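A look at the structure
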Amino acid sequence: MRIGPYQLDNPVILAPMAGVTDVPFRQLCQELGAGLTVSEMLSSNPRVWQTPKSQQRMGHANEPGIKAVQIAGCEPELMAAAAQHNVANGAQIIDINMGCPAKKVNKKMAGSALLQYPDLVQDILHAVVTAVAVPVTLKIRTGWDVEHRNGVDIAKLAEQAGIQSLAVHGRTRACMYKGEAEYDTIRAIKRAVSIPVVANGDITSPEKAREVLDYTGADAVMIGRGAQGNPWLFREIAHFLATGEQLAKPDNAEVSAVVVNHVHRLHGHYGEFSGVRIARKHVGWYLQQQQPAAEFRRQFVAIESATEQLDALATFFNSVNLEETERTYV
């Protein structure tokens, strides 16, 4: 899988997710095997670039790996300027968001709302591609609703505009995240264009990744919600695709080390007040996926101190590891 001059280590990509794929999470997923990570979307509106939230999302020069940054908006000129701004701040790949189904994004005619207006899509793609010298990629859904699955037509426009890779979520905007992803449209898109196509939607295991790649003919898979609480999924999928063999799940000691390290990074990136609050959702995902513990989750969300969060996690995982050791020797 190549995107312009960049060769990915493997065909397993972290999807951009607002409020999730920040610097600490992208770094973690890279360390655990993601071939590429994409930033949470950045607005093309220059009036918000100086807000604390935007400032935390910008500035990519010191990040490890290939630096892919997603931008969102509906005005070609502003999208072009946003692409240039992010390249100046270290972005090596610009990704255009035409897949977000959120109402607050769609009501501004951005995200997947753009799929209703192919002429505007064409103008935006052309403006961004011609504005920067780095590769430009695109993320879409299969269409606006099930009666208007125009993903193949949008894909052709993307290829003609110079888009160098296309990620497709196997749902329409109207589907939101309900039901099951469908891969027929992704398969049709792959057959209709020659640029790399990335399949996204409901890929939560190595076996599902293999199945989706075989069925669609896609060049890579993109993991979104499946990585929440389970960043080990990247190395598991990459290993399975490369060898056909299952990789062992992380043991309790590794889960503990990764969770504590992730929370520590969140505190450092956001500061104590915001870091503590953002850590709550990640720890909730980890515990739900790796170590079910409803009572501890309820206690954890009430903690207001960064030090207390880390101490609580250390105590919890020590007890888990002790229980595991006792079971081993019984």
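Only a predicted model underlies this, so the values are computations on that prediction, with no experimental measurement involved.

Examining the overall build of the protein
When you go through the protein residue by residue, the secondary structure sums to 13 helices and 11 strands. In terms of C-alpha radius of gyration, the protein reaches 20 Å, essentially the compact-globule figure of 20 Å for 330 residues. Principal-axis analysis of the C-alpha atoms places the extent of the protein at approximately 65 × 45 × 35 Å. Across the 330 residues of the protein, 54% fall into the buried class. Counting only contacts in the protein whose residues sit at least 6 apart along the sequence, the fraction spanning at least 24 positions is 68%.

Points about the side chain of Asp145
Tracing the sequence through the fold places Asp145 in the loop between β8 (136–141) and α6 (151–161). Nearest to the buried, unbridged Asp145 among oppositely charged side chains is Arg149, at 8.1 Å. Of note is the side chain of Asp145, whose polar atom sits 2.7 Å from the side chain of His148.

A short note on the environment of Pro250
Within the secondary structure, Pro250 sits in the loop between α9 (233–243) and α10 (252–270). When the C-alpha positions of Pro250 and Glu236 are compared, they lie 10.0 Å apart, and in sequence the two are 14 residues distant.

Remarks on the pairing of strand β6 (residues 68–72)
Within β6, five of the five residues are buried, which leaves it mostly tucked inside the rest of the structure. Here β6 shows no split at all, with Ala68, Gln70 and Ala72 on one side and Val69 and Ile71 on the other all buried. By the bridge criterion, two bridges tie strand β5 (residues 42–43) to β6 in an arrangement that is parallel. In the strand pairing of β6, Leu42 is matched with Ile71. As judged from the four bridges shared by β6 and strand β7 (residues 93–98), these two strands associate in the parallel manner. Paired with Ala68 across the bridge in β7 is Ile93.

What counts and how
- Residues numbered from 1 in each chain as written.
- Predicted model: local features only at pLDDT ≥ 70, side-chain atom pairs only at ≥ 80, totals over all residues.
- Heavy atoms only, no water.
- Helix = DSSP H or I, 4+ residues; strand = E, 2+ residues; numbered from the N terminus.
- Rg over C-alpha atoms; globule rule 2.2 N^0.38 Å.
- Buried < 20%, exposed > 50% of the residue type's maximum accessible area, 1.4 Å probe, protein only.
- Contact = heavy atoms within 4.5 Å.
- Lys, Arg positive; Asp, Glu negative; His and termini not counted.
- Salt bridge = Lys/Arg side-chain N within 4 Å of Asp/Glu carboxyl O.
- Polar contact = N/O pair within 3.5 Å; in protein donor to acceptor, adjacent residues only side chain to side chain.
- Pairing = 2+ DSSP bridges.

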